[in-house]
Amino acid sequence: MFNADLLTSAKVQDFIKLATKKKWDALQVSTQLAKEFSNEERAAIMDYMALVPKFREKFGIESTAFLLCDKLALEQSTAQDIGRWKATLWECARLANDSADKNTSENSNRRGSAPVVHDLCCGMGGDSFFLPKELTAIGVDLDENRLAMYRYNSCVMRGVSPEASNAHTILADVREVALQNDSRSTTLDRPKADYFTIDPARRAIEGENQRDLRNLTPTFEEVVEIAKHYKGGMAKIPPGYPICEIPRGTEILYIGSRTDCRECLVLFGELAQNPDHVRAVMVDKSGNEIADWTFARDEKREVRNESEQSQYDHNYELEGRDRVYRTSSSESDLPLGGISKFIAEPAPVLLRSHLFGVVALAHDETTHLISPGIAYVTSEKPLHTPAFANYEILESSEISTGAVRAMLKSHDIGKLTLKLRGVKVDPDQEIKRLKPKGKNSATLFYTRLDGEKIAILANPVKEMPASAGMTSGGAAPKNL
């Protein structure tokens, strides 16, 4: 059972520091804890100790600092790289507040006050950690344990004093809090919030993501209603959520690294700086922006026939890990064609945002798909990076043991990386079965050509410079 007082006590934290310094193993830790704590307390402390190095790494805090959390709260929280970049989205809130202050009379009790942000469904507080210090963050949740985490963590991450931390949480249903925040409500003895951020619950079982993207609490429809009671805000939804169900007037933002898409944000009101646009952003480990693509929403790209789309929903991904991408179909993004000189793999944020087709065509008009719903593209020249990982095609064959082995032998391939999309095999077992022998290395794609299985042998192409304006963080929205 979660025990905030126990885990935040100086006695427990001093013990954890000592155990870390002496590098005790689990048996040594348990033995030492048994001398002073009950079985229940010992179990809680050991569970917490397993999380300490994880939250220090995830949020980039000092090696001796502590946050308060449990396993699920930590899993659901926004990490430092995404959190630091998202903090830049609140600059418009600060500027709006400065402008409002200039236009407010000297007698107004709101003059000079900091904008207030409701962190709805706040959990341990990850979405508040990196908010600009000029903003006052208030956590709202139905779980008192989560609010205890939020209060403690706000002191560590935002410098809120312990005395003031209680005023920075609200134990209530977020839907009710939003209604009460309406400008017409005057019955509450707390300041109204200007903005909100919300991460609806989407896990039914600890550590297990909901497969139904629409099964959120509160629902996305309720989030849209919540947004009406604030000047602006942001809602985090699953990256695979259907874009066509997101209302007009919002900005849709996909954020990730070079290797994954981590969040989809819907920006409302004043935070939507590019309404009716879709934006994909790639950041590095420190939260610095690597690339940024912005395009006007395209209904033809968004509208999908559900019966047709279902066949594209399960594309088996890299390194043996099954990942699901709702990839763009050829009817709305790219034409179909044969294999050209190069094959390219779109960045995950471009896959999730369905922007990879327009980004590719803007660079090379010969770009096309080789099979419906398979998000490998081929072109006559390498596509710009980091939007795409490019490979020069050496040869292709049918997927049969004899044909693939012959292809590997002809190019003297001994070290092999296997990439999969549209074909399901175990990569490690397949490489063992192929028994490549040679001095060269290469990448082998198992995919489809117009629906039929095909093996493509290729070599990685060194990173190409980005096209002017296409990956610039300051690039203007493009209406393609």
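Below you will find a few notes about this structure. Computed from a prediction, not measured in an experiment: that's the story for all the values here. (Residues numbered from 1 in each chain as written. Predicted model: local features only at pLDDT ≥ 70, side-chain atom pairs only at ≥ 80, totals over all residues. Heavy atoms only, no water.)

## Some words on the overall build of the chain
Step number 1: Summing up its helical and strand segments, the chain has 17 helices and 16 strands in all.
Step number 2: The contacts in the chain between residues at least 6 apart in sequence include a share of 67% that link residues at least 24 apart.
Step number 3: Total accessible area computed for the chain in this model is approximately 22,600 Å², and 48% of it derives from carbon and sulfur atoms. (Helix = DSSP H or I, 4+ residues; strand = E, 2+ residues; numbered from the N terminus. Contact = heavy atoms within 4.5 Å. Areas by Shrake-Rupley, 256 points an atom, 1.4 Å probe, with all protein chains shown as cover.)

## Focus on the nonpolar core
Step number 1: Membership of the largest hydrophobic core comes to 53 residues, with the highest contact counts inside it found for Phe220, Trp293, Phe356 and Phe388.
Step number 2: The next biggest cluster of nonpolar side chains, apart from the first, holds 34 residues, and it includes Leu6, Ile16, Ala19 and Leu68. (Core = buried A, V, L, I, M, F, W, Y, C linked by side-chain atoms within 4.5 Å. Buried < 20%, exposed > 50% of the residue type's maximum accessible area, 1.4 Å probe, protein only.)

## Looking at empty space enclosed by the protein
Step number 1: Here the structure, examined in full by the defined rule, presents three cavities of 30 Å³ or more.
Step number 2: Counted as a void, the second largest cavity has a volume near 80 Å³.
Step number 3: The wall of the second largest cavity is formed by 13 residues, among which Gly83, Lys86, Trp90, Asp127 and Leu131 lie closest to the centre. (1 Å grid on protein atoms, 1.4 Å probe; cavity = no way out; pocket = protein on both sides within 12 Å on 5 of 7 lines; lining within 4 Å. Points joined across faces, edges and corners; volume = space filled by probe spheres on them.)

## Points about the environment of serine 154
Step number 1: Of note, serine 154 is situated in helix α8 (residues 144–158).
Step number 2: Between the alpha carbons of serine 154 and histidine 168 there is a distance of 8.6 Å; along the sequence they are 14 residues apart.
Step number 3: In this structure the side chain of serine 154 is engaged in a polar contact, spanning 2.8 Å, whose partner is the backbone oxygen of tyrosine 150. (Polar contact = N/O pair within 3.5 Å; in protein donor to acceptor, adjacent residues only side chain to side chain.)

## A word on the sheet that holds strand β12 (residues 377–379)
Step number 1: Taken in spatial order, the seven strands of this open sheet run β11-β12-β10-β13-β16-β15-β14, and their pairing is mixed. Bordering the open sheet on either side are β11 (368–369) and β14 (413–420), each of which pairs with just one other strand.
Step number 2: Where β11 meets β12, two bridges bridge the pair, whose relative direction is antiparallel. Bridge pairing links histidine 368 to threonine 378 in β12.
Step number 3: Its contacts with the sheet place helix α15 (residues 356–363) against β10 (342–346), β11, β12 and β13 (388–397), and it is angled at close to 80 degrees to β13. (Pairing = 2+ DSSP bridges. Axes fitted to C-alpha atoms, helices over the stretch in contact; angles between N-to-C directions.)

## Looking at the pattern of salt bridges
Step number 1: The final tally for this structure, using the stated rule, is 16 salt bridges.
Step number 2: The partner of aspartate 194 in a salt bridge is lysine 231, with the nearest N and O atoms 3.3 Å apart. Taken as a pair, aspartate 194 in the loop between α10 (174–180) and β4 (195–198) and lysine 231 in the loop between α11 (220–227) and β5 (232–237) lie far apart in primary sequence, 37 residues in all.
Step number 3: Taking relative accessible area as the criterion, aspartate 194 reaches 8% and is therefore assigned buried.
Step number 4: Each of the salt bridges in this network shares a partner with another, and the network as a whole consists of Lys86, Asp127, Asp199, Lys236 and Glu263. (Salt bridge = Lys/Arg side-chain N within 4 Å of Asp/Glu carboxyl O.)

## Side note on the sheet that holds strand β9 (residues 289–296)
Step number 1: Strand order in the open sheet formed by nine strands is β3-β2-β1-β4-β5-β7-β6-β8-β9, with mixed pairing between adjacent strands. Two strands lie at the open edges of the sheet, namely β3 (169–171) and β9, each paired on one side alone. Across this sheet, the average inter-strand angle for adjacent strands is 20 degrees, counted without regard to direction.
Step number 2: Sheet topology note: the β4/β5 ladder contains four bridges and is parallel. For threonine 197, the partnering residue across the bridge sits in β5 and is methionine 234.

## A closer look at unusual backbone geometry
Step number 1: The linkage connecting threonine 217 with the following residue, proline 218, adopts the cis geometry, with an omega of -5 degrees.
Step number 2: Following threonine 385, the chain continues to proline 386 via a peptide bond in cis, the omega torsion being 10 degrees.
Step number 3: In this fold, proline 386 is placed in the loop between β12 and β13.
Step number 4: The phi torsion at histidine 354 lies on the positive side, around 60 degrees, for a residue other than glycine.
Step number 5: Secondary-structure assignment places histidine 354 in the loop between α14 (348–352) and α15.

## As for the packing of aromatic side chains
Think of a pair of aromatic rings as described by two things: how far the centres are apart, and how the planes are tilted against each other in angle.
Step number 1: Across all of its chains, the model carries 10 aromatic pairs by this definition.
Step number 2: Note on phenylalanine 15 and tryptophan 24: the rings are 5.8 Å apart at their centroids and 55 degrees apart in plane angle, and the pair reads as tilted. By the burial criterion, phenylalanine 15 is buried, and tryptophan 24 matches it.
Step number 3: A centroid spacing of 6.0 Å and a plane angle of 85 degrees characterise the contact between tryptophan 90 and tyrosine 195, whose relative ring orientation is edge-to-face. Here tryptophan 90, found in the loop between α6 (80–86) and α7 (91–102), pairs with tyrosine 195, found in strand β4; they are 105 residues apart in sequence, far enough to count as distant.
Step number 4: With relative accessibility at 2%, the residue tyrosine 195 sits in the buried group.
Step number 5: Cluster of aromatic residues (ring-pair linked, three or more members): Phe59, Phe129 and Phe130.
Step number 6: Across the ring face of phenylalanine 66, the terminal group of arginine 56 is positioned such that the distance to the ring centre comes to 4.9 Å.
Step number 7: Here the guanidinium or amino end of arginine 421 rests over the ring plane of tyrosine 376, the centre of that ring lying 4.9 Å away. (Phe/Tyr/Trp six-rings, centres within 6.5 Å; stacked < 30°, edge-to-face > 60°. Lys NZ or Arg CZ within 6 Å of the ring centre and 35° of its normal.)

## Describing the pairing of β14
It is a general feature of regular strands that their side chains alternate between the two faces of the sheet.
Step number 1: Bridge count between β14 and strand β15 (residues 440–449): seven bridges; the pairing is parallel. The residue bridging leucine 416 from the neighbouring strand is alanine 442, located in β15.

## A few points about α11
Step number 1: For α11, every residue scored as buried is listed here: Phe220, Val223, Val224, Ile226 and Ala227. Buried residues in α11, looked at end-on, bunch into an arc of 160 degrees, giving them a common side.
Step number 2: Packed against the buried residues of α11 are β1 (116–120), α10, β4, β5 and β7 (261–269). (Arc of directions from axis to C-beta.)

## A look at the packing of helix α2 (residues 10–22) against helix α4 (residues 39–59)
Each packed pair of helices is defined by two parameters, the angle between the axes and the distance between the axes.
Step number 1: One can describe the packing of α2 onto α4 by two numbers: an axis separation of 11 Å at closest approach and a directional angle of 60 degrees. On the basis of their axis angle, the class for α2 and α4 is oblique. Taken as a pair, α2 and α4 cross one another with a handedness that is right-handed. In this structure, α2 contributes Val12, Phe15, Ile16 and Ala19 to the contact, and α4 contributes Ile45, Tyr48, Met49 and Val52.
Step number 2: Residue classes in the contact of α2 with α4 are distributed as eight nonpolar, no polar and no charged. (Parallel < 35°, antiparallel > 145°, perpendicular 65-115°, else oblique. Left-handed = near helix turned anticlockwise from the far one by under 90°. Nonpolar A, V, L, I, M, F, W, Y, C, P; charged D, E, K, R; others polar.)

## Description of the packing of helix α3 (residues 26–33) against α4
Step number 1: Closest axis-to-axis distance for the α3/α4 pair is 10 Å, and the angle between their directions is 145 degrees. In this structure, α3 meets α4 at a crossing whose hand is right-handed. Here Ala26, Val29, Ser30 and Leu33 of α3 lie close against α4, whose contacting residues are Arg42, Ile45, Met46 and Met49.
Step number 2: When grouped by side-chain class, the residues that make up the contact of α3 with α4 number six nonpolar, one polar and one charged.

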